[in-house]
Amino acid sequence: MARVLAISSQVASGHVGLSAMVPALQALGHEVVALPTVLLSNHPGHGISAGAPVPPDQLSQVLEALGARGELACVDAVITGYLPTPEHIGCAADAIAATRAARPDHPPLIVCDPVCGDWPKGAYLPADVVEGLRDTLLPLADALTPNVFEWALMTGDRTAETTADTLALSPAEIAGTASSLRARHIVVTGLGLPHGANTVETVWVDTAIGRTTSSRIARIAQVPNGTGDLLTALFAGYLLGPGEQAHALARATAGVAAVLAASEGKSELQLVAALPALTRAPDVAEPAQQNA
């Protein structure tokens, strides 16, 4: 299977950031090199937390050491997630450049989850980080996995001033905006209003072949943090797996649904309990498709 360099947050307890990505990717058989951008006791949303960002110069030193050992030449994909400052974004861009330079004949898949906000909280990172994600990382990515609020911020497709306007973005609107970006694979999560309160829709636009695919899963009352990190890891993992590409979105959302079913009513994703469901590729129906 593939070797993945994952750059995101790390928590000691719970399953967000790398703590969700790493076990999910490993369950699919991939080797993961994990590079934390912040170390926290737990997700800050629980009220009590401790920790701090990892200094960017330390991340740079780790990357240099990995490069000196030849490990970057073995990287098949780079996934970026939570990047708390513009300097961390610069480190992620350097990592992408280094992995591409290390294997020019077989460049790695670059997957960017532009973590910066969600409803109902809005943007939770400062404007210079949002701008850095948009202007520095998006042009480098082969695949993007924003939630619908982040998509609005990244593209300016909507002002993102109201929940209703943003969540009501249609797959066709997303496909129309996606065509202007470099990324081939664009996955936007959290489209809920067009299909009622009981489902949440995820849209995948493959700009290379002009195809839009959507997948819906049941909405649960209390959604623990980390579902975006999990979806990003599973989608990338299935893209990298043999023979999985056509059903990457359907299999990834089925995996998220299995984890959510085990997590309903809990404050954290019950990822360990649901790992057996990820190791078995779920049977999926032919996803809904339309040509862009």
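Check the entry above for the structure.
The shown structure was predicted, so the numbers you read here are calculated from the model rather than taken from an experiment.

Novice: Any chance you could explain the environment of Glu201 here in plain terms?
Specialist: Topologically, Glu201 is positioned in strand β10 (residues 199-206). Take Glu201: its relative accessible area is 2%, and that puts it in the buried class. The spacing of Glu201 and Arg216 is 15 residues in sequence and 4.3 Å in space, taken between C-alpha atoms. Side chain to side chain, Glu201 and Ser214 meet in a polar contact 3.3 Å long.

Novice: Would you mind showing me how to read the pattern of salt bridges here?
Specialist: Side chains bearing opposite charge may pair, as long as their charged atoms lie close to each other. All chains considered together, the criterion is met by seven salt bridges. A salt bridge links Glu71 to Arg69; the shortest N-O distance between them is 1.9 Å. Using a relative accessible area of 17% as the deciding quantity, one classes Glu71 as buried. Residue Arg182 pairs with Asp142 through a salt bridge whose shortest N-O separation is 3.0 Å. Of this pair, Arg182 sits in the loop between α7 (171-178) and β9 (185-191) while Asp142 sits in the loop between α4 (127-137) and β8 (143-144), and the two are 40 residues apart along the sequence.

Novice: Teacher, can you tell me more about the side chain of His43 here?
Specialist: With respect to the element layout, His43 can be found in the loop between β2 (31-40) and β3 (51-53). The class for His43 is buried, based on a relative accessible area of 18%. Here the side chain of His43 touches Gly45 through a polar contact of 2.8 Å, landing on its backbone nitrogen. Within the structure, His43 has its side chain in polar contact with the side chain of Asn225 (distance 3.3 Å). Filtering out sequence-adjacent residues up to four positions away, His43 remains in contact with Val11, Val16, Ser49 and Asn225.

Novice: Please explain the nonpolar core as it appears in this structure.
Specialist: In summary, soluble globular proteins display a tendency toward joint burial of nonpolar side chains. Ranked by size, the top nonpolar core spans 42 residues in total, and within it Leu5, Leu133, Leu137 and Ile186 carry the most contacts. The dominant element in this core, judged by the number of residues it contributes, is helix α3 (residues 86-102), at six residues. Contact partners of Ile186, with chain neighbours within four places excluded, come to Leu144, Trp151, Ala178, Leu181, Val203, Trp204, Val205 and Thr207. Counting residues in each nonpolar core, the second largest holds 38 residues, with Ala24, Ala27, Leu28 and Leu249 among its members.

Novice: Just to check I follow, could you spell out the packing of aromatic side chains for this structure?
Specialist: Two descriptors summarise a pair of aromatic rings, namely the distance from one centre to the other and the angle between the planes of the rings. Tallied over the full model, the rule gives one aromatic pair. Residues Trp204 and Phe235 carry aromatic rings whose centres are separated by 5.2 Å and whose planes lie at 80° to one another, so their mutual orientation is edge-to-face. One end of the pair, Trp204, is in strand β10; the other, Phe235, is in helix α8 (residues 227-240), and 31 residues separate them in sequence. With a relative accessible area of 2%, Trp204 lands in the buried category. Here the basic side chain of Arg211 rests over the ring of Trp204, its NZ or CZ set 5.6 Å away from the ring centre.

Novice: Any chance you could explain helix α9 (residues 248-263) here in plain terms?
Specialist: For an α-helix, 3.6 residues make a turn, and residues three or four places apart therefore share a direction. In this model, α9 (16 residues) spans 23 Å end to end at C-alpha, consistent with the 22 Å of a helix rising 1.5 Å per residue. Buried within α9 are the following residues: Ala248, Leu249, Ala250, Arg251, Ala252, Thr253, Gly255, Val256, Val259, Leu260 and Ser263. Among the structural elements, β9, β10, β11 (211-218), α8 and α10 (271-279) are those in contact with the buried residues of α9. After α9 finishes, the residue Gly265 shows a positive phi value of roughly 85°.

Novice: Even after reading the chapter, I still don't get the packing of α3 against α4, so can you show me in this structure?
Specialist: Each pair of packed helices gets described by two things: the angle between the helix axes and the distance between those axes. The geometry of α3 relative to α4 is characterised by a closest axis approach of 9 Å and an angle of 15° between their N-to-C directions. Put simply, α3 runs roughly parallel to α4. Seen from above, α3 lies across α4 with right-handed handedness. Of the residues in α4, those touching α3 at Pro86, Ile89, Ala92, Ala93 and Ile96 are Asp128, Val129, Gly132, Leu133, Thr136 and Leu137. Residue composition of the contact of α3 with α4, grouped by class: eight nonpolar, two polar and one charged.

Novice: In this structure, what is going on with the pairing of β9? I would like to understand it.
Specialist: Consecutive side chains along a regular strand alternate between the two faces of the sheet. Taken across its seven residues, β9 has six buried, putting it largely inside the fold. Two strands pair when backbone bridges link them, and β8 and β9 are joined in this way by two bridges, in the parallel orientation. Its bridge partner being in β9, Ala143 is matched across the sheet by His185. Inspection of the sheet shows β9 paired to β10 by five bridges, in the antiparallel sense. Bridging from a neighbouring strand, Leu191 pairs with Glu201 of β10.

Novice: Explain the pairing of β2 to me, please; I cannot follow it from the model alone.
Specialist: Sheet analysis places strand β1 (residues 3-11) next to β2, joined by nine bridges and oriented parallel. Paired with Ser9 across the strands is Val38, a residue of β2. Chirality of the crossover, the property in question, places the unit of β1, helix α1 (residues 18-27) and β2 among those that are right-handed. In the sheet, β2 pairs with β3 via three bridges, with the strands oriented antiparallel. Within β3, the residue paired with Leu39 across the bridge is Ala52.

What counts and how
Residues numbered from 1 in each chain as written. Predicted model: local features only at pLDDT ≥ 70, side-chain atom pairs only at ≥ 80, totals over all residues. Heavy atoms only, no water. Helix = DSSP H or I, 4+ residues; strand = E, 2+ residues; numbered from the N terminus. Buried < 20%, exposed > 50% of the residue type's maximum accessible area, 1.4 Å probe, protein only. Polar contact = N/O pair within 3.5 Å; in protein donor to acceptor, adjacent residues only side chain to side chain. Salt bridge = Lys/Arg side-chain N within 4 Å of Asp/Glu carboxyl O. Contact = heavy atoms within 4.5 Å. Core = buried A, V, L, I, M, F, W, Y, C linked by side-chain atoms within 4.5 Å. Phe/Tyr/Trp six-rings, centres within 6.5 Å; stacked < 30°, edge-to-face > 60°. Lys NZ or Arg CZ within 6 Å of the ring centre and 35° of its normal. Expected span 1.5 Å × (residues − 1). Axes fitted to C-alpha atoms, helices over the stretch in contact; angles between N-to-C directions. Parallel < 35°, antiparallel > 145°, perpendicular 65-115°, else oblique. Left-handed = near helix turned anticlockwise from the far one by under 90°. Nonpolar A, V, L, I, M, F, W, Y, C, P; charged D, E, K, R; others polar. Pairing = 2+ DSSP bridges. Right-handed = clockwise from strand over helix to strand, strands pointing away.

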